[in-house]
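What follows is the residue order along each chain.
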Amino acid sequence: MWLRTYSILLLFIALKAAGNLSLAWGMQHLERNASANPLYYVRAIFDPFVALGIVMLIVALLTRMVLLSLADLSFVLPVTAVGYVLAALLGKVVLHEVVTTQRWIGTILIFAGAALVSSTTQITTQKTTGESPK
Amino acid sequence: MKWVLVSVMVTATVLSDLLQSFEMKRAGEQSVGARGLIRLLKMIAHRKFLILAIVCMAFSFFSFMALVQAEPLSFAVPASAASFVLETVLAKLVLKEQVGVKRAVGALIVLAGVALLGG
């Protein structure tokens, strides 16, 4: 059971990272848009890399729903915060972005803070119907 | 400009989450599965806050697209975590949730991290 949970967890993290990467790659190679015209973004969706990115992000979302049926939210959220660090790594390695030391520190802090915030996720308000917080 | 996009993205994300959380708690627990999903879709169509939540989600995604076009991925994705900060504040003020010390400290650490990203 745990093997299945971890495989799906890895799949989710990989899909989310690859989806963001493909989306960024596609958007960065499109002609720039000076105005905030929403039609520009609707057209951008049809760029192959942007489309691939969006499909991967949608599959990632579905994978996350499956993951949530196997594991607690208070486990899933902190663990998936590693995605922030992964995005910085992919930006540096694949997109050849300059990541300064200050930005690395910022990213690590965000990872730590996000993990801390989301590890406390539970229901603290009374609901009409419901199960007690886990 | 990048902080404007980050602000729009984060505000839209948080607004969407708050609207969803508010409306779904009011609706009671939902089941997963084919019948549950159809009922969920019907419910979305009837509840204006959920429609508004989806509009906010679209806004947030389009701002993310604009952000990854103009800024590095190593900025855009970590910056989206600023939503934790706003979410924590609003969960306390609007949804009247209890915000524990751990969550408050976590949100402050995220805030510090986002501030460092700009450099």
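The written sequence of each chain sets the order in which its residues are numbered from 1. Both sets of labels track the order of writing: A upward for chains, 1 upward for ligands. In view of the model being predicted, local features appear only for residues whose pLDDT reaches at least 70, and side-chain atom pairs are presented and counted only at 80 or more, with totals across whole chains, interfaces and linings using the full set of residues.

## Here we look at the interface of chain B and chain A
At the interface, 34 residues of chain B touch 40 residues of chain A. Mapped by element, the contributors of at least two residues to the side of chain B that touches chain A are α3 (48-70), α4 (73-79), α5 (83-93) and α6 (101-117) of chain B. Secondary structure elements follow DSSP: runs of H or I no shorter than four residues count as helices, runs of E no shorter than two count as strands, and numbering proceeds from the N terminus. When residues in the side of chain B that touches chain A are grouped by element, the largest group, 12 residues, is from α6(B). Tallied by class, residues from the side of chain B that touches chain A come to 19 nonpolar, 9 polar and 6 charged. Whether two residues are in contact depends on their C-beta atoms, placed from the backbone: they are in contact if these lie within 7 Å. Following the grouping adopted for this structure description, the nonpolar residues are Ala, Val, Leu, Ile, Met, Phe, Trp, Tyr, Cys and Pro, the charged ones are Asp, Glu, Lys and Arg, and the polar ones are all others, Gly among them.

## Some points on the nonpolar core
Counting 49 residues, the largest nonpolar core has A:Y84, A:A114, B:V68, B:A81 and B:V110 as the members making the most contacts within it. Among the secondary structure elements, those contributing two or more residues to this core are α1 (2-28), α5 (82-93) and α6 (101-118) of chain A together with α1 (2-27), α3, α4, α5 and α6 of chain B. Per element, the largest residue contribution to this core is 9 residues, and it comes from α3(B). Per the annotation, domain bounds derive from an automatic or database assignment of domains. Two domains each put at least three residues into this core: domain 1 (1-71) and domain 2 (72-121) of chain A. When neighbours within four sequence positions are excluded, A:A114 is seen to be in contact with A:A81, A:Y84, B:A81, B:F84 and B:V110. The next biggest cluster of nonpolar side chains, apart from the first, holds 7 residues, and it includes A:F12, A:M56, A:A60 and A:L67. In these notes, a nonpolar core means any group of buried Ala, Val, Leu, Ile, Met, Phe, Trp, Tyr and Cys residues linked to one another through C-beta atoms within 7 Å. Each residue is classified by how many other C-beta atoms fall within 10 Å of its C-beta atom, where C-beta atoms are placed from the backbone; a count of 20 or more means buried, 12 or fewer means exposed, and values in between mean partly exposed.

## Section: the domain arrangement of chain A
Residues and elements named next belong to chain A. Under the domain assignment, chain A is made up of domain 1 (1-71) and domain 2 (72-121). Of note, the centres of domain 1 and domain 2, computed from C-alpha atoms alone, are 17 Å apart. Taken together, the contact between domain 1 and domain 2 spans 12 residues of the former and 13 residues of the latter. At the level of secondary structure, the elements contributing two or more residues to the side of domain 1 that touches domain 2 comprise α1 and α3 (48-70).

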